[in-house]
Each structure stands twice: as structure tokens, then as C-alpha cells.
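Here is how the chains run, residue by residue.
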Amino acid sequence: MNPNDKASSRWIEGELRLAGMLDARMIELLKAIDRSGSINQAAKQMGLSYKGAWQMLERANNGAPQTLLTTAIGGSKGGGTALTASGKALLALFTRLEQKHREFIAELNRSLAEDPDTILLLQRLEVKTSTRNQLFGQVTAIGRDGADARITVRLKGGEEVVSSFSTASLDALAIGIGADAVLMINSADIMLLTDPALERISARNRLFGKVMRIQHDIVDSEVIVLLPSGEILAAMITQQSLRKLALMPGMPVWAVFKAHAPILGVRPS
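Every value quoted in this text rests on a predicted model; they were computed, and no experiment measured them.

Criteria and cut-off values
- Residues numbered from 1 in each chain as written.
- Predicted model: local features only at pLDDT ≥ 70, side-chain atom pairs only at ≥ 80, totals over all residues.
- Heavy atoms only, no water.
- Helix = DSSP H or I, 4+ residues; strand = E, 2+ residues; numbered from the N terminus.
- Buried < 20%, exposed > 50% of the residue type's maximum accessible area, 1.4 Å probe, protein only.
- Contact = heavy atoms within 4.5 Å.
- Areas by Shrake-Rupley, 256 points an atom, 1.4 Å probe, with all protein chains shown as cover.
- Core = buried A, V, L, I, M, F, W, Y, C linked by side-chain atoms within 4.5 Å.
- Salt bridge = Lys/Arg side-chain N within 4 Å of Asp/Glu carboxyl O.
- Pairing = 2+ DSSP bridges.
- Axes fitted to C-alpha atoms, helices over the stretch in contact; angles between N-to-C directions.
- pLDDT = per-residue confidence, 0-100.
- Parallel < 35°, antiparallel > 145°, perpendicular 65-115°, else oblique.
- Patch = residues over 30% accessible without salt bridge, like charges linked within 9 Å, V, L, I, M, F, W, Y side chains within 5 Å.

(A) Summary view of the overall build of the chain. A tally of helices and strands in the chain yields eight helices and twelve strands. Put simply, the chain has 269 residues, and 37% of those count as buried. Considering only residue pairs separated by 6 or more positions, the chain has 59% of its internal contacts joining residues 24 or more positions apart. Of the roughly 15,600 Å² that the chain leaves accessible, carbon and sulfur atoms contribute 52%.

(B) Local environment of the nonpolar core. Ranked by size, the top nonpolar core spans 33 residues in total, and within it Leu192, Val223 and Leu247 carry the most contacts. Ignoring sequence-local partners within four residues, the contact set of Leu192 consists of Val223, Val225, Ala235, Ile237, Leu245, Leu247, Val253, Trp254 and Ala255.

(C) Focus on the pattern of salt bridges. Enumeration over the complete set of coordinates arrives at three salt bridges. We note a salt bridge from Glu28 to Lys31, for which the minimum N-O separation is 3.6 Å. In this pair, Glu28 and Lys31 are both assigned in helix H2 (residues 24–36), three residues apart and thus about one turn of the helix distant. For Glu28, a relative accessible area of 33% translates into the label partly exposed. Judged by its relative accessible area of 24%, Lys31 falls in the partly exposed class.

(D) Molecular detail of the sheet that holds strand S10 (residues 232–238). The strand order across the open sheet formed by five strands is S7-S11-S8-S9-S10, and the pairing between neighbours is antiparallel. Edge positions in the open sheet fall to strand S7 (191–193) and S10, since each of these has one partner strand only. Here the strands of the sheet are splayed against their neighbours by 45 degrees on average, with no regard to which way each runs. Here strand S8 (residues 205–216) pairs with strand S11 (residues 252–257) via six bridges, running antiparallel. When the bridges of S11 are listed, Lys210 appears paired with Pro252.

(E) Structural detail: the confidence of the model for the chain. Across the chain, the average pLDDT comes to 80, with 81% of residues at or above 70. Between the elements of the chain, mean pLDDT differs from a low of 43, seen in helix H1 (residues 3–8), to a high of 93, seen in S11. Within the model, pLDDT remains below 50 along residues 1–8, and this stretch shows ten contacts once partners closer than five positions in the same chain are excluded.

(F) Representation of the side chain of Thr167 within the structure. Of note, Thr167 is situated in helix H7 (residues 167–173). Judged by relative accessible area, which is 15%, Thr167 ranks as buried. Residues in contact with Thr167, not counting those within four places in the same chain, are Arg144, Gly146, Ala147, Asp148 and Ala149.

(G) Structural context of the packing of H2 against helix H4 (residues 50–63). Relative orientation of the contacting elements H2 and H4 amounts to 105 degrees, with a least axis distance of 11 Å. Considering their axes alone, H2 and H4 lie roughly perpendicular with respect to each other. From H2, Arg25, Met26, Leu29, Leu30 and Ile33 reach across to H4, where they touch Ala53, Met56, Leu57 and Ala60.

(H) Local environment of the environment of Leu135. With respect to the secondary-structure elements, Leu135 resides in strand S3 (residues 133–145). Each C-alpha atom, one on Leu135 and one on Arg154, is 9.7 Å from the other, the two residues being 19 residues apart in sequence. Residues in contact with Leu135, not counting those within four places in the same chain, are Leu155, Ala181, Val182, Leu183, Ile185, Leu207, Leu227, Glu231, Ile232 and Leu233.

(I) Spotlight on a nonpolar patch on the surface. Residues Met212, Leu226 and Ile232 make up a contiguous nonpolar surface patch of about 230 Å² in total accessible area. Owing to a relative accessible area of 35%, Leu226 belongs among the partly exposed residues under this scheme.

(J) Structural context of the pairing of strand S5 (residues 160–166). Bridge count between strand S4 (residues 148–155) and S5: seven bridges; the pairing is antiparallel. Bridge assignment links Ala149 to a residue of S5, and that residue is Phe165. Once S4 ends, the chain turns through four residues before running back antiparallel as S5, passing Gly158 with a positive phi of about 100 degrees.

As C-alpha cells, this is what we get:
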């Protein structure tokens, strides 16, 4: 991964808030009033109702030691709203603090980018997918056989999982040995066995674990398997299979799936 990518990542984010009520939205409303001289116009610019804007302003005014704005009714110019000297001073203060706040957050992100272990953790938390099962590891082997490719990923518990796909997909991924990888596996693609030696199976991948819990449905049951590394796998099996296996929490079990089942995602090394 390019070091510049790490430096620019916003792992930490934070909102500046003063006195529990003065945040960026409140300040933007005050800025809009300062520009337009009208609460009604400012509310429209902010996508607020007139009542909603007034409620925000009332809370700010009541919480401030001095009035933040004045409103004139009627007159030759038809009235209007303007910020007081205190209101303008508040805008200037918030602008200065906002700059300091951005610098502080940026420095925290830079410090995180210098810690490889922290970056690896945050990258994993950042992965978002609809697939229930996600296993993280590192690429340890890459093989080609004509139009087929195989990648071996070592999980953090030491287990190895093989993922197979086309060589065209391998070339598109542009990965190398040592690259961080995530394996996404559909729960319906996982078969559970209490003893693989008793079954004739062609599935390449077999992960040992223990039944953590079982969630029953009308037709199927979801079995949660705890791997030695602490990671979990969810397998969806039929009620008939559940009765046949006589699974119970705490029982040893093997999660079995074919090499084409995992979807591989990688961050190039």
C-alpha cells in the first residue's frame, strides 16, 4: 500500500462542539444570518424550517453570556436580523478552534498511519460487505494452472484457506505474496461435519472449530462456529442435517467448503 494512502486516511473523525450546543450546524446558521440579514432566508439556505431555526437560535442565545443577535421589526428597511458584536466574536472564535481541531485530528491520523498493527486492524474494520463470513489473513502462495489460479491465505490462527478463480481475475487483482486478504464466504456454501474421515468429500478447505451457538428458523438453522483464532463462521444447514449431526454448543465440528466458495478481496502489497 502506498504510504501516502495511509497518511491521507481518516481513521479518526470528530465534531467540534462548544458548550454542548454550539456545533458546525449552529455556526453555519449564524453565518447565513450574517450574510443575509434574515432568519427566514438563512433557514432556507440551511434546509431548516423557520420555527426550527428560531429554536436553535433561542437555545444558543439563552446559553450565551451575551446576546448573539438582534432583530429589528418594521422600519424603513422592513426590519431584519443581525449578529451582535458577541455573535461575530463567537464566529471568529469557532473558526480559529475549527482550524486547531482539524490540525489535531490530522495529527492523530498521521500517528496511526505510522503504526502497522493499528493500520491492519482499522483496515479490517473498514471492510463493509453483505456477506456474513469474513476471514482475514495474508497471501502465502499463488499458483497457476492454465486458465485457473489458486491463492492460499493463512488466517491469523495459522489455518490455511485456498481460493480458486480465473487467472484473468488474478491478473486484475495484481497481488503478491504477503498481501493482506479477506475471504468472504456465503453461509450456505459451508458444510458442517463432526468427523471428516467418515465422509467422502472433495472440498479443499476444512476448518476445525467448536459450535458456539445455534439459531433455529422454520426451515434452516444457522450454526455459529468458533475457530481457535477467535474468529467465527456462520453455516446455514437444514433442520434435517442438524438432527443428523446432533449438534450442540461446545461440540467440535469441521467447517468444510470448496475452493471456489470464498470471494477474495486484497489490498495490494
